[in-house]
Amino acid sequence: MIDQATARFIRRIIVGLLLGGLVMLGYTVVQPFIIPVAWAMIIAYASWPLYSLLRQSIKLRPTLSALLMTLLVTTAFILPTLWVISLLRDEVGIAYTHFNSRIAEGPPKLPEYIRTLPWLGSWLDGLITQSIGDPAAFQDKISTWLQEGSNQMVTVLGDVGRNAAKVGFALITLFFMFRDGEHILTQVHKVLFRFLGARIDNYLAAVGEMTIAVVWGLILTALAQGFVAGLGYWWLDLSAPMLLGAITALVSMIPFGAPFAWGSIAIFLLIDGQYFSGIILLLWGALAVSSVDNLVRPMVISSATQIPFLLVMFGVLGGLAAFGLVGLFMGPVILAVLMAIWQEWLEESDLESATDSSQQDESPK
């Protein structure tokens with residue numbers, strides 16, 4: 001005979017195993033949709049004040065308000081993307097033509113100050129000398145690069161199709177997030193409250209503040225840096241300034257990534273012998289473009305969340321490496337929750353220390 005305590009323990013183990021198995025099966029089912037759902041949640045939360053204003057102003061039913069807001073968000077993303085693509089189409093052709101003309105002129109000659117650099121100068125000079133000494137090998141290498149580029153383009157086109165489906169799922173999820181977001185948040189709060197108690201309010205507040213701060217901080221900083229860098233490219237009369245500005249904006253989503261964009265272009269200009277343009281671009285990037293990163297990003301993110309910018313940077317870079325593009329926003333949010341837990345434990349520790357100290361003072365001598 002098994003006593004009641006043992007029987008209850010066995011039942012709990014069986015229930016736990018069944019629940020764990022169901023959770024694993026559920027994760028297997030929804031795993032392809034986790035990233036679109038995460039994007040929908042981030043966009044919905046960041047744009048929720050606008051949705052609330054829209055719903056209050058037009059006084060439509062929740063379903064119609066959610067549909068209208070989803071259409072507005074879709075338009076805000078798709079129309080600028082189509083406009084940028086139409087502008088970039090011509091500039092990509094210009095850049096391709098310029099690249100072919102430079103290839104036809106043969107390998108470039110390094111300036112004297114580049115050739116005299118230790119290790120790097122001799123290596124680059126040897127590489128170019130080898131290319132000049134064997135033009136056929138140089139042309140074969142270029143053809144190989146172009147072939148690899150075309151293969152990568154096919155892969156990218158396939159990824160675009162898959163990503164288009166993910167965007168569709170994200171938009172569908174976004175509609176339901178707008179329509180039922182308050183109800184879903186209430187249910188999540190009730191469930192987490194059973195496990196964490198009243199402290200869940202601090203954790204959810206940390207998630208919300210960090211989500212809004214990171215979304216607007218990254219986007220505004222990237223757009224500002226791309227615009228300022230594009231002005232420099234246009235003023236220096238570089239080929240395809242719009243394309244170069246768009247690339248700079250994309251790279252600027254990563255902290256301290258913009259210097260790799262304008263710095264590479266400046267180095268190319270210096271190697272090409274365009275010393276004035278190269279030096280001006282280096283100064284413009286260091287003084288103007290980097291100033292945007294140093295001012296806007298910490299001001300929007302760190303000041304809004306009271307979290308050190310170094311921790312935000314680790315969250316952005318680590319999230320990008322772990323989760324891909326959506327990790328730019330998920331990484332800082334995860335670290336923000338950990339920071340909230342850390343601060344809460346410190347406060348509880350200080351409170352316990354103060355209580356113990358007061359009890360010792362009140363104890364009879």
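This structure is a prediction, so every number in the text was calculated from the model and none was measured.

What counts, and at which threshold
Residues numbered from 1 in each chain as written. Predicted model: local features only at pLDDT ≥ 70, side-chain atom pairs only at ≥ 80, totals over all residues. Heavy atoms only, no water. pLDDT = per-residue confidence, 0-100. Contact = heavy atoms within 4.5 Å. Helix = DSSP H or I, 4+ residues; strand = E, 2+ residues; numbered from the N terminus. Buried < 20%, exposed > 50% of the residue type's maximum accessible area, 1.4 Å probe, protein only. Axes fitted to C-alpha atoms, helices over the stretch in contact; angles between N-to-C directions. Parallel < 35°, antiparallel > 145°, perpendicular 65-115°, else oblique. Nonpolar A, V, L, I, M, F, W, Y, C, P; charged D, E, K, R; others polar. Core = buried A, V, L, I, M, F, W, Y, C linked by side-chain atoms within 4.5 Å.

A. Summary view of the confidence of the model for the protein. On average, residues of the protein score 76 in pLDDT, and 70% of them are at 70 or above. A low-confidence stretch, residues 156-160 (pLDDT under 50), is modelled with zero contacts involving residues beyond four sequence positions or located in other chains.

B. Examining the environment of V73 more closely. Here V73 lies in helix α4 (residues 62-104). Judged by relative accessible area, which is 7%, V73 ranks as buried. Expressed as a C-alpha distance, the spacing of V73 and I43, which sit 30 residues apart in the sequence, is 8.7 Å.

C. Local environment of the packing of helix α2 (residues 34-46) against helix α8 (residues 200-235). Direction vectors running N to C along α2 and α8 enclose 90°, while the axes themselves pass 9 Å from each other. Viewed along their axes, α2 and α8 adopt a mutual orientation that is roughly perpendicular. Of the residues in α8, those touching α2 at I42, Y45 and A46 are G208, T211, I212, V215 and W216. A per-class count over the contact of α2 with α8 returns six nonpolar, two polar and no charged.

D. Molecular detail of the nonpolar core. Counting residues in hydrophobic clusters, the biggest one holds 17 residues, and the most contacted among them are M210, L218, M253, L328 and F329. Secondary-structure elements contributing two or more residues to this core are α2, α8, α12 (309-323) and α13 (327-362). At five residues, the largest contribution of residues to this core is made by α8.

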